[in-house]
Structures are given as structure tokens and as C-alpha cells.
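What follows is each chain in one-letter form.
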Amino acid sequence: MDKKIVLIDGHSILNRAFYGLPDLTTSKGEHTNAILGFLNILYKILDEEKPGYLAVAFDTHHPTFRHEMFTEYKGTRKATPDELRQQVPVMKEVLKAMNVTVIEKPGFEADDVLGTLAKMAEKEGYQVSIVSGDRDLLQLASDNIKIRIPKTKRTGTEIEDYYAKDVIEKYKVTPKQFIDLKGLMGDSSDNIPGIPGVGEKTAGKLIAKYQSIENLYDHIDELSPGKTTTTIKENKELAYLSKELATICTDCDLEFNLEEAVLGDLYNEDVYKWFKNLEFKSLISRFGSMEIDQSLEIEKNFSVIENLSEADLVFANIKPMDNQPIGLYMIIDNNELLGVSLCFSEKKIYLIKKVGMITEDYLTNQVEKLAKNKFSFSVIGLKNQLKYLKVSEDDLVFDPAIAAYLLNPLTDTYHYDDIARDYLGITIPSVEDLLGKMKLKEAMEKMPKEFTAYACYSSYVAYKAAPRLKKQLDETGMLKLFEEIELPLIFTLYDMEVRGIRVNKEALKEYGDHLKVGIDSLEKQIYELVGETFNINSPKQLGVILFEKLKLPFAKKTKTGYSTAADILEKLRSEHPVISMILEYRQLTKLKSTYADGLAVFIQDDGRIHGKFHQTIAATGRISSTDPNLQNIPIRMELGRKIRKVFIPEEGYVFLDADYSQIELRVLAHLSGDEQLIKAYKEAKDIHRITASEVFHTPFDEVTPLQRSNAKAVNFGIIYGISSFGLGQDLNITRKEAERFIEKYFKTFPKIKNYLDRLVAEAKKEGYSTTLFGRRRPIPELASSNYMQRSFGERVAMNSPIQGTAADIIKIAMNRINKRLKDNNMRSRLILQVHDELLVEAHNEEVEEVKKIMVEEMQGAASLDVPLETEVNMGYNWYEAK
DNA sequence: ATGATCACG
DNA sequence: ACGTACGTGATCATT
């Protein structure tokens, strides 16, 4: 059996990975992309080769990389970005945890270590693989030594392999001659000077003829006279020096025994913890089911209750420690209650299963009784539990997921394992780790141990994290925001989801059929016009048709091909009649697939759509909507807008739709304290017209439509974190012209400029931005060494407080409206929120009262220096009400 | 799984 | 010299 060893050029691979992957960070902001990329390459190679031995070599000098030593004085290469530098020591720790041999020999460069080990191993009969991003190492290739150069591509990692024969095939020189080649042509990235004026071509020819630099100079007189020959003659010393520099040492005195590089246990508890901490979710799956074995101490305190008398005892003896909230979790699968998990001390963590005499009613009633007796609960993901967890906003509840979202709204999940990691500092298996893709009900029967762990961790983490999260909310000034806005909102959103919105199924079907007719006809015409059939919905195929077959101008490239986005096609309208048809085809197919067909599947048996609203998604504090997304139902184009006619109220009800007028600009007026803007709003003037009037020095009544629409675009730009490029793009004008607009705007409204500058400065100082109600958004991009990212951070710093404050305000209004409707025992209910708009399904007899409530609560949600103007419309469908 | 596109605020 | 407006979610094609 042949022995296999893999040798990795540590810094080189880290470097490649860093530049090959986007900037990934953990929830705490530690950069991890280079480490992840390195590990992906490592695993790919291990999977392919299954070697018995592995070593990784790092350079030792400086915390910088080898190449920089030479380039400092040239100043061509930038210093290692901090984002990469931070990852180097972590990478070494991870490798150590994996029992991978890391070689750092003072005085030796990684190249020389790799060269020496490779030759040593080859002599002892190993098959050797050297992994590096650096082509220098090709000189080491032989029949037994393979150089592997990974390329991070869109599709994943591809590896180029070079044995000696592959080097000869590709470069027409032997690995050994590769050194001579480098000696002649040099290598700027390695700062090997070479001979001036000699490049790849000349060097290749010379080495092909003379094999080596030594032999070349032995026969130097054979060269035909010329400029190049003269420089070659003059630079003999440089050539020899360059060759020396390019030569990798293969017999360094390393005092290293290859047996030390034997592979150990790659999948151990330490590595698992590292991956958890680095949040490498995809790599965790490699651990298979082993992680359940590394059970934490706490799992010994999990107990399963399956008979009624024991369950009675548990419920009777609940005594929370230190008046902490009880950790609670209702185990629900497919709308069915499977059990209840609760935790009220470190030692008391129960899973009470719904079996035998322990019925669904028993469990829900017991829990409800606890709430009535003023026990307080901590529940991760409370909204999803309310079907069985009978509590109201008047009960004492806490949701760690919402708290964790406020403390860091940038991450995508707030599951128990995330909260345990971030707030308890412990690494525990996630549901996926424990149960894979298995449904809960099946897991309860087939994997009782894992099922119990999932259930008990859920309540344990909720219990344990609650006080800490609450403390942090207090320390960050967000406790009031949490208690007075976010917690009540859980119940408001739940009520909205339960009520849902009625949809006219037949009308929706007709709408879709109508679209189908147009789509079929357009499709036919398009094929005829271009003379062939193709998939119009494929940007790739469409790009080829438009820009290659029809040779239309203005081709703009994306990463994958030509851009066929609407704004590009818009400019091509006059170039070819097919363009208009394609744009219309796009519009129609979008409407059909996403809305006509897409919405239909969500209509429940009650004739209503019960979409979901999410409270922990948007970084700015906005609510989001899925299954389906009811916040992006068409309105801007008439054809699309018609779909709103299928959203209808129940018999005996109407829709009341209320929306804030320009809430974000009003928020900006208030926050910036700009007198002009405030005055304009107090006088209820057309704000875009007044902006145009001021900016273009035109009397209010003489503002042209173009001036007004330009001013409107600038107003939007201000909210988005203005950039001349973006505004130019939007208005289809040059960057220069856009810049002039912005300058004029800031000259007219100096306080706005001052305010936006302050927002950026403060966010840079604190690392986050803040809304009027104290909501924070961390902006790590502001500290980036990358100009693009930093600029993005600056725009975010300007936008988040504005968008976020508006989000805070409408949330307050939603809670108050919902509460008043319920407290007054009214039949009307809030059913939708679309960022600055609320839709209520109002009972015929309550219309005037509901109108009053909506306007009062929306206008009164915050007292700003400008009025929060609110417009209400009534209608017998959503189209009419808007 | 990812990118391109497009629907909304 | 570089290249982007802010915040979302769904669908389709492609890998």
C-alpha cells in the first residue's frame, strides 16, 4: 500500500481563499472567509486523496506575508488587509484542533519547508501532493510529486494538477528548467528581478535551446547580436542572482520526522466547537451524528415525563429561581402539539410528552394556568407558539429571539443554538445537527434521545438567556423599545396572521388566464421577429439573441454574460421592435408566475391567505412578509395593479387603507431640525415641488414637471444615503450633473447636510446607528479597509436611522390600533402592513369609528416637529381602497 | 445553491 | 482607478 502525504502552503492558500470569497463574518463581526475557503480546499483534497499524512507550512517572519517584504520598497502591492491578518492565528488554532501538523520553522520560508519535505517524502516512497496558489512551486514537480493549484471559481473550487509531465506539456520546460526560466524573465510578484526586457517569450526560447542559465552563458556568443543579446550579456550576475532567488531549497536542515505528520482525528469535539464558533454551518454536517456523543453536562438534567401523575407533580412544583422567567417551549409539528418543554432551574429541565392521559388540552390548560398565576415565561420565537401557548400581551412574557435581534439585527437566525452561542457562550447542537431533515413527529418516535435534547435545549436556553438578554437590552438603552414596541408587536402580528386576507379565487384564476393569452401571443411574435425559438426568460439565451444575433448596441456585461435588465432594454426600445415585446413579456410572466399562480397556492380552505410576518429579518427594524409576500403586490403599473381587485373583505365588511404621506422625509425633517423642511411640512405643501422651487430658484408655481421629478429623485437619494453615482443612474444623467444637483440641495438645506454628516461620524465612532426610539444597527462595513464597503457603510449610516425610525413609528401605530379594536370588542381587524400603509378589514357598522382610530393612532404614534399626515381610503377591494 | 430579474416601500 | 443608490421576497434558469 502506497503512502500518501499532502503538504500545504498555508499563507498562499489562505491568501487565495481570502480573495476568492466574499467577506464573511460571524455574528460578532470576526472575519472568517479565508479560513472557510482554506478548509473547503483542505476537505476537497482530503476527500479526493484520502492521504495518511498531512502538514501545513507557514512562513515565520513578520505577521506579514513573504511577498510583501520585497514589494514594500516598490510600493506596488498593498499591505495585507487587516481582515485577512486577523484570520491567520485563528487558522493555526483550528488546524491544531484538527491535529494537523503545522510547521513554522524560524529562518525557513514555507517554500523551502515544502520543498525539503517533498523530496524527503519522495525518497521514502511517498506519493506527494503540494497544495499552493503559487506557481513557483512547479519546480518541485516530479513523477511522484504533484503540485496542486486550487482556483476558487463561481462554481466551487477547481484544482489544477501538475506532475513533471504536465509542467513540460504546459510550459515546454522541465520543472528544473522552470527555475532558469524564472531567473531570466523574473517575477514581479516574488520580486525576482530577472533580465530587463526579457519576458516569457524570449526566456522560453532561450531555455528550450540551452536548457539552463549556466549553459546559456557558456554559449552566449552563439546568440545573434541585438539589443536583447546585449542586455543578457550585461546582466549575467543578475541572472545568476535571480536563479538563486527563484530556487526553492530541497535539502534544508529541518529536523523533522515525517511520521509526525500522520493524520489524527479530524472530527473531534474541539473542532466541532471551533466550527460552531466560526459559524461554519455547512462544515458542521461533516460531523455526521457524532456530535450528539459529545453531550454537555447539562443534558444529564433533561428529564422526560410520560405519565400524568408525574406531569401533575412538575406543574405543581414550579418555583422559578430568583424570580426568573420560566423557559418554555411548545413542541409543535405540522400544527400538532407533541409536548411541552419547560425549565425553571439549572437542574429542572423537562420534556412533557403528549401521551396517554397527558392530552393536548391538559398541556395547554396547565400552561395557561401558570400564566394566569403570574408566572413569567421566556419563549424563543413566541409568535409561532401562540396557537397552543395561551398568553396575551398582558401576561409576563419575554422572547429571547426578539431580544437577540434587537441586540444584533444583522444575523439571519435566532434559534436556541445561536442564542446559546452568543449569550451563554456554550456550543450546543442545532435542530438540524440533532435531527437532520427528519420531521419532529417521526424523530420523537425514532430518535427519542435527540428529540428530547432539542426540546429541552429550547426551554433551557430560553430560561438561562433571558436575564442576560434583558440586562443587555437595558445597558444598550433598548429595554423600552423591546417592552413597549417589539413585545406587543408579537401579538399584533400573530392576530394579523390568524385573520389573514380574503381572496377571490375565481377572479384570480381569470386574471391568470387573461395574462396567459397575452403571453402566448407575445411569445409567438417574439419568435417570429428574431427568427428562432428560445427561452425568453433565460437572461443568458436572451443576451445572446439580442447582442450577438441582432447585434444591438449598449451591451453591458454582468458576471455571467450580458445584462438584460429592464433599464438596459429600455434604452434599446428604439433599436428593435422586439425589445418592447420582451419587456411586456417579462411583465406578464412575472405577474402570472409570482402573483396569479403564486398567490393561488396560498389560499386556505377559509378562502383567505394567511401570510407570515417576520419581526427579526430586516436590519433596519422593518417587518417583512413571506408565504406569500404581501408587501410587494403590484401597484405602479395599471395591469399589475388590477390584481389588487382580487383581495376582498368578508361579507359585511369593507377595506380601510391608511398610509403615511412621505413618512421618511418627515422623519428626516424632524431629526435634522431643518427649519425650511419643517416649515414646508407644517404648511402641507407639495414637498417635491417646494424642494424644486428652492433648489432651482424657481417660484413655487412655476416649477416644471421635470424640475419636480428631479427634486423628487434627490429627496429619495437623500434618504438612501446620497451618492452622485446612484442619483445619476436613477435620473439617467451623468455623475457630474448629479453631483451638481446634490450640491445645490445641500446648499439649500445646510442642516440636512450637517445632520447626515453627523450620522456618519457618530456611526463610525460607535460602530452602529440609532433610531429615534433607540433601535440600533451595527455597521461593521464602516471599519472596512475596502473603499466600496466603507462607502456602503456610510450610506447605511444615513439611511438606517430614517428608515428605522419610520419603522418604529408604524409599529407603535399597529399595536395601538390592534389593541383599540380588540379592547372595544370591535369586529374590525388589522390585516396588513406595507411599511407606511395599514390595511384594516372593517365591519360596515364600524367604518367611521375605525377610520377615526386609524388616523388618531397613526398620526399620534410619535410627536414630531412635523405632522404625520395620514390618508385613509375605503373600498370594496384593495384596488379601490388604495 | 446562486445569480439575475423584478415586484413593493 | 475603482464602481453603488436603502430595505425586503419570489421566481426562474443554471450550476
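About the thresholds
- Residues numbered from 1 in each chain as written.
- Chains lettered and ligands numbered in written order.
- Predicted model: local features only at pLDDT ≥ 70, side-chain atom pairs only at ≥ 80, totals over all residues.
- Heavy atoms only, no water.
- UniProt positions renumbered as here; feature names shortened; annotations may be inferred.
- Helix = DSSP H or I, 4+ residues; strand = E, 2+ residues; numbered from the N terminus.
- Near = heavy atom within 4 Å.
- Polar contact = N/O pair within 3.5 Å; in protein donor to acceptor, adjacent residues only side chain to side chain.
- Domains from an automatic or database assignment.
- Pairing = 2+ DSSP bridges.
- Buried < 20%, exposed > 50% of the residue type's maximum accessible area, 1.4 Å probe, protein only.
- Contact = heavy atoms within 4.5 Å.
- pLDDT = per-residue confidence, 0-100.
- Salt bridge = Lys/Arg side-chain N within 4 Å of Asp/Glu carboxyl O.
- Expected span 1.5 Å × (residues − 1).
- Arc of directions from axis to C-beta.
- Axes fitted to C-alpha atoms, helices over the stretch in contact; angles between N-to-C directions.
- Disulfide = S-S within 2.5 Å.
- Core = buried A, V, L, I, M, F, W, Y, C linked by side-chain atoms within 4.5 Å.
- Parallel < 35°, antiparallel > 145°, perpendicular 65-115°, else oblique.
- Left-handed = near helix turned anticlockwise from the far one by under 90°.
- Nonpolar A, V, L, I, M, F, W, Y, C, P; charged D, E, K, R; others polar.
- Phe/Tyr/Trp six-rings, centres within 6.5 Å; stacked < 30°, edge-to-face > 60°.
- Lys NZ or Arg CZ within 6 Å of the ring centre and 35° of its normal.

The name given to chain A in an unreviewed UniProt entry is DNA polymerase I, with Herbinix luporum as the source organism. Its UniProt record gives chain A the following Sequence similarities (unreviewed entry) comment, quoted word for word: "Belongs to the DNA polymerase type-A family."

## Description of the UniProt feature "domain: DNA-directed DNA polymerase family A palm" (unreviewed entry) in chain A
UniProt's feature table lists "domain: DNA-directed DNA polymerase family A palm" (unreviewed entry) at residues 640-846, given in the numbering used throughout. With 58% helix and 14% strand, the stretch residues 640-846 has end C-alpha atoms that lie 31 Å from each other.

## Notes on the protein's contact with DNA strand B
Around DNA strand B sit 22 residues, and of these Arg 586, Lys 590, Ile 635, Arg 636 and Asp 836 come closest. Per the 4 Å cut-off to the protein, sugar and phosphate atoms form 71% of the nearby atoms of DNA strand B. Within the backbone of Thr 564, a nitrogen or oxygen atom sits 2.7 Å from a phosphate oxygen of DNA strand B. At 2.5 Å, a side-chain N or O of Asp 836 approaches a sugar or linking oxygen of DNA strand B. Here the element with the most residues in the surface near DNA strand B is helix α26 (residues 577-600); it accounts for 3 residues.

## As for the domain arrangement of chain A
According to the domain assignment, chain A contains domain 1 (4-171 + 249-261), domain 2 (291-475), domain 3 (504-602) and domain 4 (667-800). Using only C-alpha atoms to locate each centre, domain 2 and domain 3 end up separated by 49 Å.

## Focus: the sheet that holds strand β17 (residues 647-648)
Across the sheet, which stays open at both edges, the 3 strands sit in the order β14-β13-β17 with antiparallel pairing between neighbours. Where the open sheet ends on each side, the last strands, each with one partner, are β14 (608-609) and β17. Here strand β13 (residues 501-503) runs beside β17; their pairing, made up of 2 bridges, is antiparallel. Opposite Arg 502, over in β17, you have Ile 648 as the bridge partner.

## Details of unusual backbone geometry
Most peptide bonds take the trans configuration, and most residues that are not glycine carry a negative phi. Here the residue pair Asp 627 and Pro 628 is connected by a cis peptide bond, since its omega of -5 degrees sits within 30 degrees of zero. Among the secondary structure elements, Pro 628 is positioned in the loop between β16 (624-626) and α27 (638-641). Despite not being glycine, Asn 334 shows a phi value in the positive range, around 55 degrees. A relative accessible area of 65% means that Asn 334 is categorised as exposed.

## Some details on the environment of Arg 586
Here Arg 586 is to be found in helix α26. Classification of Arg 586 by relative accessible area gives partly exposed; the value is 25%. Note: C-alpha distance between Arg 586 and Asp 757 (171 residues apart in sequence) is 41 Å. Here Arg 586 is in contact with Leu 542, Thr 564, Ala 565, Ala 566 and Leu 569, once residues within four sequence places are set aside.

## Thoughts on the confidence of the model for chain A
Residues at a pLDDT of 70 or more form 96% of chain A, whose mean pLDDT is 91. In the predicted structure, residues 62-77 sits below a pLDDT of 50 and forms 30 contacts with residues beyond four places in sequence or in another chain.

## Points about the pattern of salt bridges
Taken as a whole, this structure holds 63 salt bridges when the rule is applied. One salt bridge in this structure joins Lys 882 and Asp 659, with 3.7 Å as the shortest N-O distance. Taken together, the residues Lys 882 in the segment after α37 (878-881) and Asp 659 in strand β18 (residues 653-660) connect sequence positions 223 residues apart. Take Lys 882: its relative accessible area is 28%, and that puts it in the partly exposed class. Classification of Asp 659 by relative accessible area gives buried; the value is 17%. Residues Glu 675 and Lys 751 are paired through a salt bridge, measuring 3.1 Å at the closest nitrogen-oxygen approach. On the criterion of sequence distance, the pair formed by Glu 675 in helix α29 (residues 675-682) and Lys 751 in helix α34 (residues 750-766) is long-range, its members being 76 residues apart. Look at Glu 675 and you get exposed, because its relative accessible area is 51%. Judged by relative accessible area, Lys 751 falls into the partly exposed class, the value being 37%. In this structure, a network of salt bridges that share partners links the residues Lys 44, Glu 48, Glu 49, Lys 146, Arg 148 and Asp 161.

## Here's the deal with helix α36 (residues 847-860)
Given a rise of 1.5 Å per residue, 14 residues ought to cover 20 Å, and the 20 Å separating the end C-alpha atoms of α36 matches this to within 8%. Inspection of α36 places Val 847, Val 850, Ile 853, Met 854, Glu 857 and Met 858 among the buried residues, and these make up the whole buried set. Seen end-on, α36 carries its buried residues on one side only, within an arc spanning 125 degrees. Tucked into the core, α36 has its buried residues touching β18, α35 (787-823), β22 (837-843) and β23 (870-875).

## Focus on the sheet that holds β18
Strand order in this open sheet of 4 strands is β21-β22-β18-β23, and the pairing throughout is antiparallel. Both outer strands of the open sheet, β21 (829-833) and β23, are each paired with one neighbouring strand and no more. For this sheet, the mean inter-axis angle between neighbouring strands, taken without regard to orientation, is 25 degrees. The sheet contact formed by β18 and β22 spans 7 bridges and is antiparallel. The partner of Phe 655 across the bridge, within β22, is Glu 841. Lying over the sheet, helix α22 (residues 479-499) contacts β18, β21 and β22, oriented at roughly 95 degrees with respect to β21.

## Points about the state of the cysteines
Applying the stated criterion across every chain, the model contains 1 disulfide. Sulfur-sulfur distance for the disulfide between Cys 249 and Cys 252 comes to 2.3 Å. Exposure remark for Cys 249: the relative accessible area of 23% places this residue in the partly exposed category. There is no disulfide at Cys 343, and the cysteine sulfur nearest it, in Cys 456, is 8.6 Å away. Residue classification places Cys 343 among the buried residues on the basis of a relative accessible area of 0%.

## A few points about the nonpolar core
In this structure, Leu 342, Phe 377, Val 461 and Phe 647 are the most contacted members of the largest nonpolar core, which totals 201 residues. In terms of residue count, helix α21 (residues 448-475) provides more of this core than any other element does, 14 residues in total. Counting residues in hydrophobic clusters, the runner-up holds 47 residues, among them Val 113, Ile 147, Leu 184 and Leu 206.

## Overview of the packing of helix α28 (residues 663-672) against α29
Between α28 and α29, the least distance of the axes is 8 Å, while the angle of their chain directions is 130 degrees. Relative to α29, the element α28 lies oblique. Where α28 crosses over α29, the two elements pack in a sense that is left-handed. Contacts from Leu 665, Arg 666 and Ala 669 in α28 reach Leu 677, Ile 678 and Tyr 681 in α29. For the contact of α28 with α29, a count of residues per class yields 5 nonpolar, no polar and 1 charged.

## Quick word on the packing of aromatic side chains
Within the structure shown, the criterion is met by 23 aromatic pairs. Centroid distance Tyr 162 to Tyr 171: 6.4 Å. Interplanar angle 45 degrees. Geometry classified as tilted. On the numbers, 5.0 Å between centres and 45 degrees between planes, the contact of Phe 398 with Phe 482 is tilted. With a gap of 84 residues between them, Phe 398 in strand β12 (residues 397-398) and Phe 482 in helix α22 connect regions that are remote in the sequence. Ring pairs connect the aromatic residues Phe 302, Tyr 329, Tyr 416, Phe 451, Tyr 454 and Tyr 457, which therefore count as one cluster. We note Lys 92 situated over the ring of Phe 58; from NZ or CZ to the ring centre the distance is 5.0 Å. Over the ring of Phe 700 we find Lys 685; its NZ or CZ atom is 5.1 Å from the centre of that ring.

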